[in-house]
Amino acid sequence: MKTFNFPPAAAVGNRTEHWDLPWVDLVWAAVSVGKGSLAHMHQYGRYSMFEMTYRTAIIYANLMRSPDLSFGRSKAYIGLDPSEKGAISYFLGVALTKAFVERKLSVSWLMHVDLYRDRFGVNLAPGERPDLFGEDALGRWIVAESKGRTNQHDKDALIKAKRQASRVIDVDGAPPHLSIGFVSSFNKGRLTLVADDPPIDEKGEGLSLRVSKNEFRSTYYRPFEELLATFETRQEQIGGQEVRVVYSESSDLFLGLSQGEDGVIEQPAQVRRRREPIRDVQRNAYLGSDGIYVRLGASWSDELMSLEPQERRAD
(Lines give C-alpha, C1' and ligand atoms only; values in the text may rest on other atoms or scores of the structure.)
Protein backbone atom coordinates (compact mmCIF):
# COMPACT_ATOMS: atom_id res chain seq x y z
CA MET A 1 0.00 0.00 0.00
CA LYS A 2 1.26 3.48 -0.85
CA THR A 3 -0.06 6.79 0.47
CA PHE A 4 0.86 10.25 -0.83
CA ASN A 5 0.16 13.90 -0.01
CA PHE A 6 -2.12 13.41 2.98
CA PRO A 7 -2.12 16.46 5.28
CA PRO A 8 -0.94 16.07 8.89
CA ALA A 9 -4.54 16.45 10.08
CA ALA A 10 -5.43 13.19 8.33
CA ALA A 11 -2.95 11.29 10.55
CA VAL A 12 -1.97 9.08 7.61
CA GLY A 13 1.74 8.62 7.07
CA ASN A 14 2.87 9.18 3.50
CA ARG A 15 4.82 5.99 2.86
CA THR A 16 4.89 2.50 1.39
CA GLU A 17 3.93 -0.34 3.71
CA HIS A 18 2.74 -3.93 3.71
CA TRP A 19 -0.95 -4.03 4.54
CA ASP A 20 -1.91 -7.05 6.63
CA LEU A 21 -5.59 -7.33 5.71
CA PRO A 22 -7.42 -10.51 6.82
CA TRP A 23 -10.02 -12.11 4.57
CA VAL A 24 -12.81 -11.22 6.97
CA ASP A 25 -11.91 -7.52 6.80
CA LEU A 26 -11.97 -7.57 3.01
CA VAL A 27 -15.33 -9.36 2.92
CA TRP A 28 -16.73 -6.92 5.49
CA ALA A 29 -15.61 -4.02 3.30
CA ALA A 30 -17.08 -5.60 0.17
CA VAL A 31 -20.53 -6.22 1.64
CA SER A 32 -20.79 -3.01 3.65
CA VAL A 33 -19.90 -0.34 1.10
CA GLY A 34 -23.22 1.25 0.14
CA LYS A 35 -24.25 0.87 -3.48
CA GLY A 36 -27.29 2.15 -5.29
CA SER A 37 -28.44 -1.25 -6.50
CA LEU A 38 -28.03 -2.71 -3.02
CA ALA A 39 -29.79 0.11 -1.21
CA HIS A 40 -32.86 -0.40 -3.38
CA MET A 41 -32.94 -4.15 -2.80
CA HIS A 42 -35.08 -3.61 0.30
CA GLN A 43 -38.02 -3.36 -2.09
CA TYR A 44 -37.54 -7.02 -2.98
CA GLY A 45 -36.67 -8.68 0.34
CA ARG A 46 -34.50 -11.74 -0.22
CA TYR A 47 -32.62 -10.21 -3.15
CA SER A 48 -30.55 -8.33 -0.59
CA MET A 49 -28.97 -11.69 0.28
CA PHE A 50 -28.32 -12.46 -3.38
CA GLU A 51 -26.35 -9.21 -3.68
CA MET A 52 -24.33 -9.98 -0.55
CA THR A 53 -23.62 -13.51 -1.79
CA TYR A 54 -22.54 -12.17 -5.17
CA ARG A 55 -20.10 -9.72 -3.62
CA THR A 56 -18.60 -12.42 -1.43
CA ALA A 57 -18.31 -14.85 -4.34
CA ILE A 58 -16.29 -12.33 -6.36
CA ILE A 59 -13.62 -12.29 -3.66
CA TYR A 60 -13.66 -16.06 -3.14
CA ALA A 61 -13.37 -16.91 -6.84
CA ASN A 62 -10.85 -14.31 -7.97
CA LEU A 63 -8.36 -13.99 -5.12
CA MET A 64 -6.06 -16.34 -3.24
CA ARG A 65 -3.54 -15.94 -0.45
CA SER A 66 0.08 -15.66 -1.65
CA PRO A 67 3.03 -17.06 0.34
CA ASP A 68 3.91 -13.53 1.53
CA LEU A 69 0.30 -13.19 2.84
CA SER A 70 -0.69 -10.70 0.15
CA PHE A 71 -3.73 -11.20 -2.11
CA GLY A 72 -2.90 -12.80 -5.44
CA ARG A 73 -4.88 -13.55 -8.60
CA SER A 74 -6.56 -16.92 -9.01
CA LYS A 75 -6.53 -18.80 -12.30
CA ALA A 76 -10.24 -18.04 -12.52
CA TYR A 77 -9.42 -14.33 -12.61
CA ILE A 78 -6.55 -14.77 -15.06
CA GLY A 79 -8.88 -16.66 -17.42
CA LEU A 80 -11.43 -13.86 -17.64
CA ASP A 81 -11.73 -11.70 -20.73
CA PRO A 82 -10.52 -8.08 -20.45
CA SER A 83 -13.95 -6.55 -19.84
CA GLU A 84 -14.69 -9.08 -17.07
CA LYS A 85 -11.30 -8.43 -15.48
CA GLY A 86 -12.00 -4.72 -15.56
CA ALA A 87 -15.29 -5.11 -13.71
CA ILE A 88 -13.78 -7.42 -11.07
CA SER A 89 -10.76 -5.13 -10.60
CA TYR A 90 -13.04 -2.14 -10.08
CA PHE A 91 -15.07 -4.03 -7.47
CA LEU A 92 -11.90 -5.09 -5.61
CA GLY A 93 -10.69 -1.49 -5.68
CA VAL A 94 -13.91 -0.26 -4.07
CA ALA A 95 -13.63 -2.93 -1.36
CA LEU A 96 -10.01 -1.96 -0.63
CA THR A 97 -11.04 1.69 -0.52
CA LYS A 98 -13.70 0.93 2.12
CA ALA A 99 -11.19 -1.07 4.19
CA PHE A 100 -8.61 1.73 3.91
CA VAL A 101 -10.89 4.59 4.94
CA GLU A 102 -12.15 2.68 7.98
CA ARG A 103 -8.74 1.58 9.21
CA LYS A 104 -6.73 4.68 8.33
CA LEU A 105 -9.27 7.51 8.42
CA SER A 106 -11.96 6.31 10.88
CA VAL A 107 -14.61 6.50 8.14
CA SER A 108 -17.29 3.99 9.14
CA TRP A 109 -19.89 4.79 6.48
CA LEU A 110 -19.14 4.91 2.75
CA MET A 111 -21.65 4.96 -0.10
CA HIS A 112 -21.84 5.48 -3.86
CA VAL A 113 -22.63 8.97 -5.12
CA ASP A 114 -24.79 7.43 -7.87
CA LEU A 115 -27.33 6.40 -5.26
CA TYR A 116 -28.44 10.05 -5.06
CA ARG A 117 -27.76 11.00 -8.66
CA ASP A 118 -31.30 11.99 -9.59
CA ARG A 119 -31.81 14.19 -6.55
CA PHE A 120 -28.42 15.86 -6.79
CA GLY A 121 -29.01 16.63 -10.45
CA VAL A 122 -25.59 15.23 -11.28
CA ASN A 123 -24.75 16.42 -14.76
CA LEU A 124 -21.17 15.18 -14.79
CA ALA A 125 -20.47 12.19 -17.01
CA PRO A 126 -19.62 8.88 -15.32
CA GLY A 127 -15.93 9.43 -16.02
CA GLU A 128 -16.00 12.87 -14.40
CA ARG A 129 -17.91 12.43 -11.14
CA PRO A 130 -16.50 10.56 -8.11
CA ASP A 131 -17.67 7.16 -6.95
CA LEU A 132 -17.93 7.44 -3.20
CA PHE A 133 -18.54 9.69 -0.24
CA GLY A 134 -18.57 8.97 3.48
CA GLU A 135 -18.50 10.27 7.03
CA ASP A 136 -15.70 9.93 9.58
CA ALA A 137 -15.75 9.66 13.38
CA LEU A 138 -15.78 13.47 13.77
CA GLY A 139 -18.70 13.92 11.40
CA ARG A 140 -16.53 15.21 8.54
CA TRP A 141 -17.22 14.21 4.96
CA ILE A 142 -14.68 12.57 2.68
CA VAL A 143 -14.97 12.00 -1.07
CA ALA A 144 -13.20 9.22 -2.95
CA GLU A 145 -12.78 7.98 -6.49
CA SER A 146 -11.67 4.36 -6.81
CA LYS A 147 -10.19 2.77 -9.92
CA GLY A 148 -9.05 -0.79 -10.47
CA ARG A 149 -6.43 -2.05 -12.89
CA THR A 150 -5.80 -5.64 -13.92
CA ASN A 151 -2.02 -5.36 -14.13
CA GLN A 152 0.50 -2.72 -13.06
CA HIS A 153 -0.20 0.59 -11.36
CA ASP A 154 -1.50 3.29 -13.70
CA LYS A 155 -0.28 6.82 -12.86
CA ASP A 156 -2.71 8.43 -15.30
CA ALA A 157 -5.59 6.62 -13.60
CA LEU A 158 -4.51 8.05 -10.25
CA ILE A 159 -4.41 11.59 -11.64
CA LYS A 160 -7.89 11.15 -13.09
CA ALA A 161 -9.20 9.63 -9.86
CA LYS A 162 -8.02 12.61 -7.86
CA ARG A 163 -9.55 15.01 -10.36
CA GLN A 164 -12.91 13.24 -10.11
CA ALA A 165 -12.84 13.24 -6.30
CA SER A 166 -12.18 16.98 -6.36
CA ARG A 167 -15.40 17.66 -8.30
CA VAL A 168 -17.42 17.62 -5.08
CA ILE A 169 -17.34 21.07 -3.52
CA ASP A 170 -19.60 20.39 -0.54
CA VAL A 171 -21.67 17.69 1.18
CA ASP A 172 -24.66 18.85 3.20
CA GLY A 173 -23.21 22.37 2.99
CA ALA A 174 -19.74 21.46 4.30
CA PRO A 175 -16.60 21.17 2.15
CA PRO A 176 -15.03 17.71 2.09
CA HIS A 177 -12.35 17.11 4.69
CA LEU A 178 -10.44 14.96 2.19
CA SER A 179 -10.82 14.27 -1.54
CA ILE A 180 -8.87 11.12 -2.30
CA GLY A 181 -7.95 9.26 -5.45
CA PHE A 182 -7.46 5.48 -5.13
CA VAL A 183 -6.06 3.02 -7.63
CA SER A 184 -5.82 -0.71 -6.99
CA SER A 185 -3.77 -2.96 -9.25
CA PHE A 186 -2.06 -6.32 -9.38
CA ASN A 187 1.55 -5.20 -9.08
CA LYS A 188 3.64 -8.27 -9.95
CA GLY A 189 0.52 -10.35 -9.38
CA ARG A 190 -0.16 -8.98 -5.88
CA LEU A 191 -3.16 -6.80 -5.10
CA THR A 192 -1.96 -3.32 -4.10
CA LEU A 193 -3.57 0.02 -3.32
CA VAL A 194 -2.32 3.55 -3.90
CA ALA A 195 -4.05 6.49 -2.19
CA ASP A 196 -3.31 10.12 -3.05
CA ASP A 197 -4.71 13.34 -1.57
CA PRO A 198 -2.81 16.15 -3.32
CA PRO A 199 -4.20 19.65 -3.87
CA ILE A 200 -5.74 20.19 -7.30
CA ASP A 201 -5.45 23.58 -8.96
CA GLU A 202 -7.63 22.72 -11.93
CA LYS A 203 -11.13 24.15 -11.71
CA GLY A 204 -14.14 22.46 -13.25
CA GLU A 205 -17.84 22.01 -12.80
CA GLY A 206 -18.58 21.50 -9.11
CA LEU A 207 -21.02 19.11 -7.49
CA SER A 208 -22.95 19.74 -4.27
CA LEU A 209 -24.29 16.66 -2.48
CA ARG A 210 -27.42 17.52 -0.53
CA VAL A 211 -28.06 14.75 1.97
CA SER A 212 -28.35 14.89 5.75
CA LYS A 213 -26.29 12.60 7.95
CA ASN A 214 -29.42 10.93 9.29
CA GLU A 215 -30.67 10.14 5.80
CA PHE A 216 -27.21 8.98 4.75
CA ARG A 217 -26.98 6.48 7.60
CA SER A 218 -30.56 5.29 7.21
CA THR A 219 -29.89 4.44 3.58
CA TYR A 220 -26.62 2.75 4.51
CA TYR A 221 -28.23 0.33 7.00
CA ARG A 222 -31.48 -0.36 5.18
CA PRO A 223 -30.34 -3.49 3.28
CA PHE A 224 -28.99 -5.08 6.47
CA GLU A 225 -32.12 -4.31 8.44
CA GLU A 226 -34.14 -5.91 5.65
CA LEU A 227 -31.94 -9.01 5.70
CA LEU A 228 -32.60 -9.50 9.40
CA ALA A 229 -36.33 -8.99 8.89
CA THR A 230 -36.53 -11.46 5.97
CA PHE A 231 -34.39 -14.44 7.01
CA GLU A 232 -34.13 -16.68 10.04
CA THR A 233 -31.66 -15.17 12.50
CA ARG A 234 -29.51 -16.29 15.40
CA GLN A 235 -27.63 -14.58 18.21
CA GLU A 236 -23.84 -14.42 18.41
CA GLN A 237 -21.31 -12.56 20.53
CA ILE A 238 -18.01 -10.91 19.74
CA GLY A 239 -15.95 -9.15 22.38
CA GLY A 240 -18.95 -9.13 24.71
CA GLN A 241 -21.10 -7.43 22.07
CA GLU A 242 -24.38 -9.10 21.07
CA VAL A 243 -25.09 -9.37 17.34
CA ARG A 244 -27.99 -10.77 15.37
CA VAL A 245 -26.97 -12.63 12.23
CA VAL A 246 -28.20 -14.51 9.18
CA TYR A 247 -26.24 -17.31 7.52
CA SER A 248 -25.52 -17.81 3.83
CA GLU A 249 -24.59 -21.44 3.26
CA SER A 250 -23.46 -20.85 -0.32
CA SER A 251 -20.96 -18.21 0.85
CA ASP A 252 -20.15 -19.82 4.21
CA LEU A 253 -20.83 -16.35 5.61
CA PHE A 254 -22.51 -15.06 8.76
CA LEU A 255 -23.71 -11.46 8.36
CA GLY A 256 -25.46 -9.24 10.87
CA LEU A 257 -25.81 -6.10 12.95
CA SER A 258 -24.85 -5.28 16.51
CA GLN A 259 -27.41 -4.66 19.21
CA GLY A 260 -27.90 -1.32 20.90
CA GLU A 261 -26.86 -0.72 24.48
CA ASP A 262 -30.45 -1.30 25.58
CA GLY A 263 -30.48 -4.74 23.96
CA VAL A 264 -32.64 -3.68 21.03
CA ILE A 265 -31.20 -4.93 17.76
CA GLU A 266 -33.13 -2.74 15.36
CA GLN A 267 -31.47 0.39 16.69
CA PRO A 268 -32.52 3.41 14.58
CA ALA A 269 -29.85 4.01 11.98
CA GLN A 270 -29.55 7.71 12.73
CA VAL A 271 -28.54 7.10 16.35
CA ARG A 272 -25.88 4.52 15.56
CA ARG A 273 -22.44 5.82 16.46
CA ARG A 274 -19.00 4.70 15.42
CA ARG A 275 -17.55 2.00 17.66
CA GLU A 276 -14.07 0.57 17.86
CA PRO A 277 -13.86 -2.47 15.56
CA ILE A 278 -13.71 -5.86 17.26
CA ARG A 279 -11.85 -8.82 15.74
CA ASP A 280 -12.00 -12.46 16.84
CA VAL A 281 -9.09 -14.13 15.04
CA GLN A 282 -9.92 -17.67 16.19
CA ARG A 283 -13.50 -17.48 14.89
CA ASN A 284 -12.57 -15.45 11.78
CA ALA A 285 -15.08 -12.77 12.80
CA TYR A 286 -15.09 -8.99 12.53
CA LEU A 287 -17.45 -6.35 13.89
CA GLY A 288 -16.80 -3.17 11.93
CA SER A 289 -16.90 0.32 13.34
CA ASP A 290 -20.30 0.68 11.67
CA GLY A 291 -21.77 -2.20 13.70
CA ILE A 292 -21.93 -4.57 10.70
CA TYR A 293 -20.74 -8.05 11.60
CA VAL A 294 -19.10 -10.67 9.37
CA ARG A 295 -17.94 -14.16 10.32
CA LEU A 296 -16.40 -16.50 7.77
CA GLY A 297 -16.70 -20.28 7.93
CA ALA A 298 -14.00 -22.95 7.60
CA SER A 299 -13.87 -22.66 3.79
CA TRP A 300 -12.21 -19.24 4.22
CA SER A 301 -9.15 -20.41 6.18
CA ASP A 302 -5.78 -19.07 4.99
CA GLU A 303 -4.70 -22.64 4.24
CA LEU A 304 -7.61 -23.24 1.88
CA MET A 305 -7.53 -19.75 0.43
CA SER A 306 -3.92 -20.33 -0.65
CA LEU A 307 -5.29 -22.91 -3.10
CA GLU A 308 -7.09 -22.34 -6.38
CA PRO A 309 -10.88 -22.06 -5.86
CA GLN A 310 -11.65 -25.45 -7.42
CA GLU A 311 -9.15 -27.14 -5.05
CA ARG A 312 -10.62 -25.83 -1.80
CA ARG A 313 -12.41 -28.40 0.29
CA ALA A 314 -13.56 -27.64 3.83
CA ASP A 315 -14.25 -30.53 6.20
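Rules behind the numbers
Residues numbered from 1 in each chain as written. Predicted model: local features only at pLDDT ≥ 70, side-chain atom pairs only at ≥ 80, totals over all residues. Heavy atoms only, no water. Pairing = 2+ DSSP bridges. Helix = DSSP H or I, 4+ residues; strand = E, 2+ residues; numbered from the N terminus. Axes fitted to C-alpha atoms, helices over the stretch in contact; angles between N-to-C directions. Contact = heavy atoms within 4.5 Å. Polar contact = N/O pair within 3.5 Å; in protein donor to acceptor, adjacent residues only side chain to side chain. Parallel < 35°, antiparallel > 145°, perpendicular 65-115°, else oblique. Left-handed = near helix turned anticlockwise from the far one by under 90°. Nonpolar A, V, L, I, M, F, W, Y, C, P; charged D, E, K, R; others polar. Buried < 20%, exposed > 50% of the residue type's maximum accessible area, 1.4 Å probe, protein only. Salt bridge = Lys/Arg side-chain N within 4 Å of Asp/Glu carboxyl O. Phe/Tyr/Trp six-rings, centres within 6.5 Å; stacked < 30°, edge-to-face > 60°. Lys NZ or Arg CZ within 6 Å of the ring centre and 35° of its normal. Expected span 1.5 Å × (residues − 1). Bend = angle between axes of the 7 residues up to and from the residue.

Trainee: What is the right way to look at the sheet that holds strand β15 (residues 285-287) in this model?
Mentor: Pairing between the strands of a sheet is mediated by backbone hydrogen bonds and can be parallel or antiparallel. The strand order across the open sheet built from six strands is β11-β12-β13-β16-β15-β14, with neighbouring strands paired in antiparallel fashion. Looking at the sheet topology across the chains shown, the edges are occupied by β11 (234-238) and β14 (278-280). For this sheet, the mean angle separating the axes of adjacent strands, direction not counted, is 25°. Sheet topology note: the strand β12 (residues 241-248)/strand β13 (residues 253-258) ladder contains six bridges and is antiparallel. Looking across to β13, one finds that V243 is bridged to S258. On the sheet, helix α1 (residues 23-32) packs against β13, β14, β15 and β16 (292-296) and is oriented at approximately 135° with respect to β16. The strands touched by helix α8 (residues 213-230) are β12, β13 and β16; relative to β13, the strand with the most contacts, the crossing angle is about 115°.

Trainee: Explain the environment of R312 to me, please; I cannot follow it from the model alone.
Mentor: Within the element layout of this structure, R312 appears in the segment after α9 (302-305). Through-space distance from the C-alpha of R312 to that of S299 is 7.2 Å; in sequence the pair is 13 residues apart. When sequence neighbours within four positions are dropped, the list of residues in contact with R312 reads Y60, L63, M64, L304, M305 and L307. Here Y60 takes part through its backbone oxygen, which lies 2.6 Å from a polar atom of the side chain of R312. Here L63 takes part through its backbone oxygen, which lies 3.0 Å from a polar atom of the side chain of R312.

Trainee: Is there a simple way to think about the packing of helix α3 (residues 47-62) against α8 in this case?
Mentor: When two helices pack together, their arrangement is given by the angle between the helix axes and by the axis-to-axis distance. Interaxial distance between α3 and α8 falls to 9 Å at its minimum, and their mutual angle equals 115°. Compared by their axis directions, α3 and α8 come out roughly perpendicular. As for the relative orientation of α3 and α8, their crossing is left-handed in sense. Across the interface between the two elements, S48, M49 and M52 from α3 touch P223, F224, E226 and L227 from α8. Split into classes, the residues belonging to the contact of α3 with α8 amount to five nonpolar, one polar and one charged.

Trainee: What's the story with the pairing of strand β6 (residues 141-148) in this structure? I'm lost.
Mentor: Both faces of the sheet carry side chains from a regular strand, because those side chains alternate between them. The buried fraction of β6 is high, at eight of eight residues. With burial as the criterion, each face of β6 is covered, one bearing W141, V143, E145 and K147 and the other bearing I142, A144, S146 and G148. Alignment of strand β5 (residues 132-136) against β6, held across four bridges, turns out to be antiparallel. If you follow L132 over to β6, its bridge partner there is A144.

Trainee: Is there a simple way to think about the pattern of salt bridges in this case?
Mentor: If charged atoms from side chains of opposite charge come close, those side chains can pair. Tallying each qualifying case throughout the model produces 15 salt bridges. Between E51 and R55 there is a salt bridge, with the nearest N and O atoms lying 3.2 Å from each other. Of the two residues, E51 and R55 both sit in helix α3, four residues apart, roughly one turn of that helix. The pair formed by E51 and R55 is uniform in burial state, with each residue classed as buried. Here K147 ties to E145 by a salt bridge, and the two come within 3.2 Å at their closest N and O atoms. You can call K147 buried: its relative accessible area is 12%. Three or more residues are tied together by salt bridges with common partners; here these are R234, E236, D280, R283 and R295.

Trainee: Honestly, the packing of aromatic side chains in this entry has me stumped. Any pointers?
Mentor: Aromatic ring pairs are reported here in terms of the distance separating the ring centres and the angle at which the planes meet. Under the definition given, this model contains 12 aromatic pairs. Ring plane angle 75° and centroid distance 5.5 Å describe the contact between W28 and Y286, whose orientation is recorded as edge-to-face. Of this pair, W28 sits in helix α1 while Y286 sits in strand β15, and the two are 258 residues apart along the sequence. Residue Y286 is classed as buried on the basis of its relative accessible area, which comes to 3%. An aromatic cluster is present here, built from W23, Y60, F71 and W300 joined pairwise through their rings. For K98, the ring lying beneath its charged end belongs to W28, and the centroid distance is 4.5 Å. A cation sits over an aromatic face here: R295 above F254, 3.8 Å from the ring centre.

Trainee: For this particular structure, what's the right way to read α8?
Mentor: At 3.6 residues per turn, the α-helix brings residues three or four places apart onto the same side. The terminal C-alpha atoms of α8 lie 26 Å apart, and with 18 residues this matches the ideal 26 Å at 1.5 Å per residue to within 8%. At R222, α8 shows its strongest bend, of approximately 40°, with the proline P223 following within four residues. Those residues of α8 not exposed but buried are F216, R217, T219, Y220, Y221, P223, F224, L227 and L228.

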